[in-house]
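Secondary and tertiary structure notes
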Amino acid sequence: MASSSSSGLTFKLHPLVIVNISDHYTRVKSQMNHSSSATTTNDDNNNGAQPRVYGCVIGIQRGRTVEIFNSFELLYDPSTHSLDRAFLEKKQELYKKVFPHFYILGWYSTGSDAQESDMHIHKALMDINESPVYVLLNPSINPAQKDLPVTIFESERISVDHVAHLKPSDGGSAATQCQYPLPSVVVFFNFSDMNFALTCLAAHLTGIHSAIKMLNSRIRVLHHYLVAMQKGEIPCENSLLRQVSSLLRRLPAIESEKFQDDFLMEYNDTLLIAYLAMFTNCARYNILSFLPDFVSF
Amino acid sequence: MDSSIAQKTWELENNIVSMETPPTNSTADTSASDAIFFYDEGAQTKFQQEKPWVNDPHYFKRVKISALALLKMVVHARSGGTIEVMGLMQGKTDGDAIIVMDAFALPVEGTETRVNAQADAYEYMVDYSQTNKQAGRLENAVGWYHSHPGYGCWLSGIDVSTQMLNQQFQEPFLAVVIDPTRTVSAGKVEIGAFRTYPEGYKPPDEPISEYQTIPLNKIEDFGVHCKQYYSLDITYFKSSLDCHLLDLLWNKYWVNTLSSSPLLGNGDYVAGQISDLAEKLEQAENQLSHSRYGPLIAPPPRRKEEDSQLAKITRDSAKITVEQVHGLMSQVIKDILFNSVRQSTKTHAGPSDPEPMIES
């Protein structure tokens, strides 16, 4: 399995797409289960059946980066084994009105592995986008899993005989690069309770602490791996060494005078704001000393 | 694992209830709890015909929003920047609760200037609902949402009249307001769900609402209409698959905690808040100087108003400071982590080392 995307594209997948696909799947499954449990008399072994849902993903491609922002459902026609074209165009029109910058990047489906029949759908989409992506979400819940069960496939064109094959790009880090500065993800994972200064301070620092712990553990893993490579226990992998070396050369991240100046200015601004707040607080309680005794606060 | 602790804390803070029983191996359980996703057409039409809300303006008390709807609304609100955006929510009712399953954006901007913004979007709505029904989303429109970037979650005069109209002709209907700017700066979703009282109805008691700071230029609009609607409690839910996926996303999210820079992103908003606070302070000072020279003449209620005004200002300034300090803490930590590395092994690189890859 190739360790990185062969075409050199970087994919960024917005968590909204993941939740969208999951919701689509859950809906279809619950409608299916409800109607099937009403008609069958034996116990629910229909729950094993996992329906396949299909849809379209939209986003922006800038140079070598493909950012998938959103998705919508599509109708699958089992008789022709293809997606309903008119429906797709209608939906695309609607989405264009609200998100004019996004265009169709590919399609999605659920299941555990890509199948041959998927190629058919993939080819059909090629006239909208010359190299569509195929996002596959595995809906089975596996508690032991550490990584997102999302794989992104892209097709590879062999110009000689125009045969397109599906090649999975890195299922691990490249495809599921959810490093999205999403406000909603910030919402989900940042803590701030404005009522109690101490608890919110503790919460904020706990969040940063956990993040740093994760960073530390990941660095340890890398370090361990490199030491093992040095000792000769593991065969040397040059591409990894190059990546680590370039990563190290990036530190320190920013080290210019302009940065120091701006940083200190920001620091001073914050201190000023704290100072002002302190003043306001004192002023409120000091007013008492200026007004006659019978004025009550 | 720390991510699970962090997640539990967040879930507690944000009131997330996941629609699942404690983990078992039986798949039957998960399908039963994901049952909220099933749309029972018969039950819904029956409810529509009964109309229990006609007699009780306070009938609906709770709102349940799905993770997907929340995500979509917040992302849409955020994408608008400083412009108000609006959209529709789809879902169903369940006793005294309104359940929001999904939301979609409408191609309309700036509802504050037009009462009839929805008339423009009707065609879009009809088309979208039709295609949705075909694709398996059977719910009907159950409310509308819009954003108030930077000035809090409440209903303005125009919003109140729009919602009153909705509650006459499109019941059951809910109004939701989101503030994307405050969401980012506070780290918690700023969202409010409201229903208006019918014309002339006086609520039996004063509802206690959570205090939020409103900018001076909007405070009049807020004050005039704040008695005409009441807010509903919001809880969130997610499916079992959502749970699983969000759990996995936590493993990636730590990168974001370290890489985000809230101070830089929200600079305008903070500056606006501080200048607004300064104006409020001036106003309070003027009123205070009046009562200072005439404490015997000024009636007692007026003094109460001023001191609570000063108390409000103090609270607002404390809030701004806390958020700033948190942002600064993150910046300082990032600086220590990534900037204080000393290149001690510069000469260590052997001649056989290949040229480092240029990061694109």
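Keep in mind that this is a model prediction, so the values were computed, not measured.

**Quick look at the overall build of chain A**
Each helix and strand in chain A was counted, giving 7 helices and 9 strands. Burial status across chain A gives 42% buried among its 297 residues. Taking the intrachain contacts of chain A between residues at least 6 apart in sequence as the baseline, contacts between residues at least 24 apart amount to 60%. Total accessible area computed for chain A in this model is approximately 16400 Å², and 57% of it derives from carbon and sulfur atoms.

**A look at the overall build of chain B**
Along chain B, the regular secondary structure elements total 12 helices and 8 strands. Put simply, chain B has 360 residues, and 51% of those count as buried. Within chain B, contacts between residues at least 6 apart in sequence are counted, and of these 77% link residues at least 24 apart. Split by element, the accessible area of chain B, about 17400 Å² in all, is 56% carbon and sulfur.

**A few points about the packing of aromatic side chains**
Following the criterion strictly, the structure yields 18 aromatic pairs over all chains and no others. With centroids separated by 6.2 Å and ring planes inclined at 25°, the aromatic side chains of A:Tyr95 and A:Phe99 adopt a geometry described as stacked. Residue A:Phe99 is classed as buried on the basis of its relative accessible area of 17%. With 5.6 Å between their ring centres and 25° between their planes, A:Phe259 and A:Phe263 make a pair best called stacked. Note that A:Phe259 and A:Phe263 are positioned in helix α7 (residues 257-290) at a spacing of 4 residues, about one turn of the helix. With a relative accessible area of 10%, A:Phe263 lands in the buried category. Among the aromatic residues, those joined into a ring-pair cluster are A:Phe69, A:Phe72, A:Tyr95, A:Phe99, A:Phe102, B:Phe104, B:Tyr124 and B:Tyr128. Over the aromatic face of B:Tyr128 sits the side chain of A:Lys91, whose NZ or CZ is 4.6 Å from the ring centroid. Positioned over the ring face of B:Tyr151 is B:Lys218, at 4.2 Å from the centre of the ring.

**Details of the nonpolar core**
With 76 residues, the main nonpolar core has B:Ile65, B:Leu106, B:Leu174, B:Val176 and B:Ile191 as its most contacted residues. Tallying contributions element by element places strand β4 (residues 97-109) of chain B first for this core, with 7 residues. Contact partners of B:Ile65, with chain neighbours within four places excluded, come to B:Leu70, B:Met73, B:Val100, B:Ile191, B:Ile234, B:Thr235, B:Tyr236 and B:Phe237. Counting residues in each nonpolar core, the second largest holds 24 residues, with A:Val57, A:Val66, A:Leu137 and B:Leu241 among its members.

**Things to note about the domain arrangement of chain B**
Where the parts come together, the accessible area they lose is often given as the size of the interface. All names here are of chain B. What the domain assignment lists for chain B is domain 1 (35-251) and domain 2 (260-292 + 305-340). Computed from C-alpha coordinates alone, the two centres of domain 1 and domain 2 are separated by 29 Å. On the side of domain 2, 12 residues touch domain 1, which itself brings 11 residues to the contact. Taken together, both faces of the contact between domain 1 and domain 2 bury some 1100 Å²; the carbon and sulfur share is 53%. On the domain 1 side of the contact with domain 2, Ser-185, Tyr-211 and Leu-216 bury the most area, a combined 51% of that side's loss. Linking domain 1 with domain 2 are 5 residue pairs in polar contact (both at pLDDT 80 or more), by the criterion used here. Looking at the side of domain 1 that touches domain 2 element by element, the count peaks at 5 residues for helix α7 (residues 180-186). Among the residues forming the side of domain 1 that touches domain 2, the class breakdown is 6 nonpolar, 4 polar and 1 charged.

**Describing the confidence of the model for chain A**
All names here are of chain A. In this model, chain A carries an average pLDDT of 72, and 73% of its residues clear a pLDDT of 70 or more. Within the model, the stretch residues 40-47 combines pLDDT values under 50 with 8 contacts to residues more than four positions away or in other chains. Segment residues 169-196: pLDDT under 50, and 80 contacts once partners within four positions in sequence are set aside and those in other chains are kept.

**Details of the pairing of strand β7 (residues 133-137) of chain A**
Residue and element names in this part refer to chain A. Among the 5 residues of β7, 5 are classified as buried, and the element is accordingly described as predominantly covered. Side-chain alternation along β7 places Val-133, Val-135 and Leu-137 on one buried face and Tyr-134 and Leu-136 on a second face that is also buried. Inspection of the sheet shows strand β6 (residues 103-110) paired to β7 by 5 bridges, in the parallel sense. Within β7, the position partnered with Thr-110 by the bridge is Leu-137. Once the chain exits β6 it traverses helix α3 (residues 117-124) before rejoining the sheet at β7, and the crossover so formed is right-handed.

**Focus: unusual backbone geometry**
Here B:Glu171 and B:Pro172 are connected by a cis peptide whose omega angle stands at -10°. Turning to its location among the elements, B:Pro172 is positioned in the loop between α6 (157-169) and β6 (174-178).

**Remarks on a nonpolar patch on the surface**
On the surface, a nonpolar cluster with roughly 460 Å² of combined accessible area is contributed by A:Leu272, A:Tyr275, A:Leu276 and A:Phe279. Checked against the element boundaries, A:Phe279 lands in helix α7.

**Considerations on the environment of B:Ala193**
Residue and element names in this part refer to chain B. The residue Ala-193 is located in strand β7 (residues 191-196) in this model. For Ala-193 and Thr-213, which are 20 residues apart along the polypeptide, the C-alpha to C-alpha distance reads 17 Å. Residues within four places of Ala-193 in sequence aside, it is in contact with Val-63, Leu-174, Ala-175, Val-176, Tyr-230, Ser-231, Leu-232 and Ile-234.

Conventions used here
- Residues numbered from 1 in each chain as written.
- Chains lettered and ligands numbered in written order.
- Predicted model: local features only at pLDDT ≥ 70, side-chain atom pairs only at ≥ 80, totals over all residues.
- Heavy atoms only, no water.
- Helix = DSSP H or I, 4+ residues; strand = E, 2+ residues; numbered from the N terminus.
- Buried < 20%, exposed > 50% of the residue type's maximum accessible area, 1.4 Å probe, protein only.
- Contact = heavy atoms within 4.5 Å.
- Areas by Shrake-Rupley, 256 points an atom, 1.4 Å probe, with all protein chains shown as cover.
- Phe/Tyr/Trp six-rings, centres within 6.5 Å; stacked < 30°, edge-to-face > 60°.
- Lys NZ or Arg CZ within 6 Å of the ring centre and 35° of its normal.
- Core = buried A, V, L, I, M, F, W, Y, C linked by side-chain atoms within 4.5 Å.
- Domains from an automatic or database assignment.
- Buried area = accessible area lost by both parts, 1.4 Å probe.
- Polar contact = N/O pair within 3.5 Å; in protein donor to acceptor, adjacent residues only side chain to side chain.
- Nonpolar A, V, L, I, M, F, W, Y, C, P; charged D, E, K, R; others polar.
- pLDDT = per-residue confidence, 0-100.
- Pairing = 2+ DSSP bridges.
- Right-handed = clockwise from strand over helix to strand, strands pointing away.
- Patch = residues over 30% accessible without salt bridge, like charges linked within 9 Å, V, L, I, M, F, W, Y side chains within 5 Å.
- Salt bridge = Lys/Arg side-chain N within 4 Å of Asp/Glu carboxyl O.

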